[in-house]
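Structural characterization, general
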Amino acid sequence: MDAQTRVSLYETMVLSRTYEEAILREYHADKGPGFDIGKGLVPGEMHLSAGQEPVAAGLCAHLTRDDAITATHRPHHLAIAHGVDLRRMTAEIFGRETGLGRGRGGHMHLFDPSTHFSCSGIIAEGYPPALGQAFAFRRRGTDRVAAAVTGEGAANQGAFHESLNLAALWSLPVVFVVEDNDWGISVPRTASTAVGSNALRAAAYGIPGERVEDNDVEGVYAAVGRAVARARAGEGPSLIEVHTLRLWGHFEGDAQGYRQDLADAPTHDPIPRYERRLRDAGLLDDAAVERVKASASERVEDAIRFAKESPLPDPAAATAYVFTDAPSAGGTR
Amino acid sequence: MTVTDTPTVPAPRAKRRLTTSKAMVEAIAQEMERNPEVVYLGEDVGSYGGIFSSTTGLLDRFGPDRIIDTPISETAFIGLGIGAAVEGMRPIVELMFADFLGVCLDQIYNHMAKIHYESGGVVKVPMVLTTAVGGGYSDGAQHSQCLWGTFAHLPGMKVVVPSTPADAKGLMTAAIRDDNPVVYMFHKGVMGLPWMAKNPRATDDVPDGDYEVPIGKARVAREGNDVTVVTLSLSVHHSLDVAETLSAEGIDVEVLDLRSLVPLDREAILTSVAKTGRLVVVDEDYQSFGVSGEVVATVTDHDPGLLRVPVQRVAVPDVPIPYARPLEYAVLPRHDRIEAAIRRAVAA
Ligand SMILES: Cc1ncc(C[n+]2csc(CCOP(=O)(O)OP(=O)(O)O)c2C)c(N)n1
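Residues numbered from 1 in each chain as written. Chains lettered and ligands numbered in written order. Predicted model: local features only at pLDDT ≥ 70, side-chain atom pairs only at ≥ 80, totals over all residues. Heavy atoms only, no water.

1. Describing the packing of aromatic side chains
- Taken as a whole and judged by the stated rule, the model has 9 aromatic pairs over all chains.
- A centroid spacing of 5.4 Å and a plane angle of 55° characterise the contact between W183(A) and Y258(A), whose relative ring orientation is tilted. Placement of W183(A) in strand 5 (residues 183–184) and of Y258(A) in the loop between strand 8 (238–243) and helix 8 (270–280) is noted, with a sequence separation of 75 residues between them.
- For Y258(A), a relative accessible area of 6% gives the class buried.
- By way of ring pairs, the aromatic residues F52(B), F97(B), F100(B) and W195(B) are connected into one cluster. (Phe/Tyr/Trp six-rings, centres within 6.5 Å; stacked < 30°, edge-to-face > 60°. Helix = DSSP H or I, 4+ residues; strand = E, 2+ residues; numbered from the N terminus. Buried < 20%, exposed > 50% of the residue type's maximum accessible area, 1.4 Å probe, protein only.)

2. Let's talk about the sheet that holds strand 8 of chain A
Residue and element names in this part refer to chain A.
- Taken in spatial order, the 6 strands line up as 2-1-3-4-8-7 in an open sheet, and their pairing is parallel. Of all strands in the sheet, those with a lone pairing partner are strand 2 (117–119) and strand 7 (209–212), marking the two edges. In this sheet, adjacent strand axes meet at a mean angle of 20° when their direction is disregarded.
- Looking at chain direction, strand 3 (residues 146–151) and strand 4 (residues 174–180) are connected through 6 bridges and run parallel. Residue pairing in the sheet places V149 in a bridge with V177 of strand 4.
- Along the sheet face, helix 2 (residues 53–60) touches strand 1 (68–71), strand 3, strand 4 and strand 8 and points at about 165° away from the line of strand 4.
- Contacts from helix 6 (residues 158–169) reach strand 3, strand 4 and strand 8, with the element oriented near 150° to strand 4. (Pairing = 2+ DSSP bridges. Axes fitted to C-alpha atoms, helices over the stretch in contact; angles between N-to-C directions. Contact = heavy atoms within 4.5 Å.)

3. Notes on the site of the ligand
- Every one of the 22 residues lining the ligand counts as a neighbour, but H73(A), R74(A), G121(A), N181(A) and E74(B) are closest to it.
- Close to the ligand, residues of chains A and B are found.
- Between an oxygen atom of the ligand and a main-chain N or O atom of W183(A), the distance comes to 2.8 Å.
- Contacts to the ligand include E74(B), whose side-chain N or O atom sits 2.5 Å from a nitrogen atom.
- When its residues are assigned to classes, the shell around the ligand shows 9 nonpolar, 9 polar and 4 charged. (Near = heavy atom within 4 Å. Polar contact = N/O pair within 3.5 Å; in protein donor to acceptor, adjacent residues only side chain to side chain. Nonpolar A, V, L, I, M, F, W, Y, C, P; charged D, E, K, R; others polar.)

4. Remarks on the pattern of salt bridges
All names here are of chain B.
- Following the criterion strictly, the structure yields 46 salt bridges over all chains and no others.
- Salt-bridge contacts for R219 lead to D257; the nearest nitrogen and oxygen are separated by 3.1 Å. Taken together, the residues R219 in strand 9 (residues 219–222) and D257 in strand 11 (residues 253–257) connect sequence positions 38 residues apart.
- According to the relative accessible area criterion, R219 is partly exposed, its value standing at 22%.
- For D257, a relative accessible area of 0% translates into the label buried.
- Between E294 and R266 there is a salt bridge; the shortest N-O distance is 2.9 Å. Note that E294 is positioned in helix 10 (residues 291–302) and R266 in helix 9 (residues 266–276), a separation of 28 residues in sequence.
- For R266, a relative accessible area of 38% gives the class partly exposed. (Salt bridge = Lys/Arg side-chain N within 4 Å of Asp/Glu carboxyl O.)

5. A look at the state of the cysteines
- Inspection of the entire model under this criterion finds 0 disulfides over all chains.
- C60(A) takes part in no disulfide bond, and the closest cysteine sulfur, belonging to C119(A), lies 13 Å away.
- Free of any disulfide, C104(B) has its nearest cysteine sulfur in C146(B), 17 Å distant. (Disulfide = S-S within 2.5 Å.)

Here it is as structure tokens:
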């Protein structure tokens, strides 16, 4: 792996973490007294992806803005790694008119046609649309691919299995990615499936399955590289499971009373670990790390400022966008 | 439909103040004590105690054989509930949010709800499907719906929607004992959760011990002579607040809490509208093809002459629930819209 790619994986992870820390700060800033989920600049449920950055960085390093991603209720790291505009994404999370969805969607419903990015709050339901994007890409004679990402909890849902089957049957250019962070809210993986690794499930559909252990960004990069190459070559889908880590609660406000693995979780934080590795390899030093962090922080704070300064939507327009007002395009594009 | 005005089983004893969620859990616990065939299964109902505190403390009391965490496989575990009920168990199965209905709808409306009919009444499905509904806290379009109109539209399942702690307990007891499939829909905003805006009415007197609130019997939450507000769930609380405000101006509002959509207490609706001649329907579900239309039709089918003025409907104007607070507040039936509708009705 070349030095530049390794450093850029690190940069992506740092940007994502910096972002999540800023959202965490803004989310909790004005929820009090006590904790009222509906209060504040960022109301509603908030699912942060801290700890899962290696999946996003390793995956998106192989994708261009022409490739599609369908993400989950925990979408920020993937959106950031895929190059979704930080300002407009943040404005959406803050419910502003300048947001990706003009404040209608919120943090679980980010849609960015310019990077073919979308997500859904319904478990596993991002898998089927990825098939359709892949179908359209191939039909138009391109080598573009669609990546579909879920958590390991979602791999027990019907949509997951139907999607694997159909994509395999039709050799669709899809890369299925499972983020195994061990927990589906409070239910550990061991209590939700008898299968040790979701990668094994690929065998049931006759496609390659691979599990990446240890939240290793370079392992993800390598596995996704193989899967994307296969998909672009017209050889069909693959399934990759990454053993990753949910560093924080399922959602903000989750006290995690059910969780026994918390005490040592921070030591598994993949970012300082990768940073050490790159330092040891002579690819990063104090000054470089400082630069990466400062630049991330500048971009993130700019996005937050943009969101805060943007107007809230006009309540009178609450019923807009149920249907398009434009006359039918008649099938042209 | 058999309904009685008074609770069927031993008269309520002492009253304590409980939140709606604690009252609901108390009913489940009491029925689990009474009947070993009652089990509760769903996502995060074990050590988490239910995302909306629907099972708090039950795992400790009844253990993992009866309070069962499931995988995220709604079709499978709701279907499992159906099969167990068919074999005579009394499962309570939780669909975490009503919004997730889509991933398991077939099991619900083609199986749970139809088996009794298709079998010519030979096979019973005595299960309870619990689910959380409602918005108002910016959880977005996939986590804020009520959808009770959808459940009520599909034949074969009773649909109960408690608004008070006492009803939450009495209706849960009745639901578990009912030999039919009962969908028990609890609004997050009435549960008295510590992490949501506090609704003072979400904590209230709850009778001790064992009692049922009969399914299919509406409750006059407030008596009044000028205008009838027919509503359910969180909107009952909002409507009562508005009624109190308006009473200072001499506007006397009657608030009818439907408590259940199937069966629907049409008689209570007619009785109240016959008295006031004015009808406002408040429904947190989508407006078209739903509960509000059904309530209006109940009156006009019987006697349009009961209405002295046109009906006012306050519902979600056929738009997905928006995320941003100003947009969400604009489409939900909150105090301002309810008050305006009542004023329109009495001014007409
Ligand atoms: C169909 C459906 N069922 C249940 C839920 C509630 N829910 C949201 S996230 C979640 C756990 C998801 O676990 P996993 O897929 O492992 O993803 P993670 O949260 O760990 O990233 C559940 C049960 C949902 N959103 N959709």
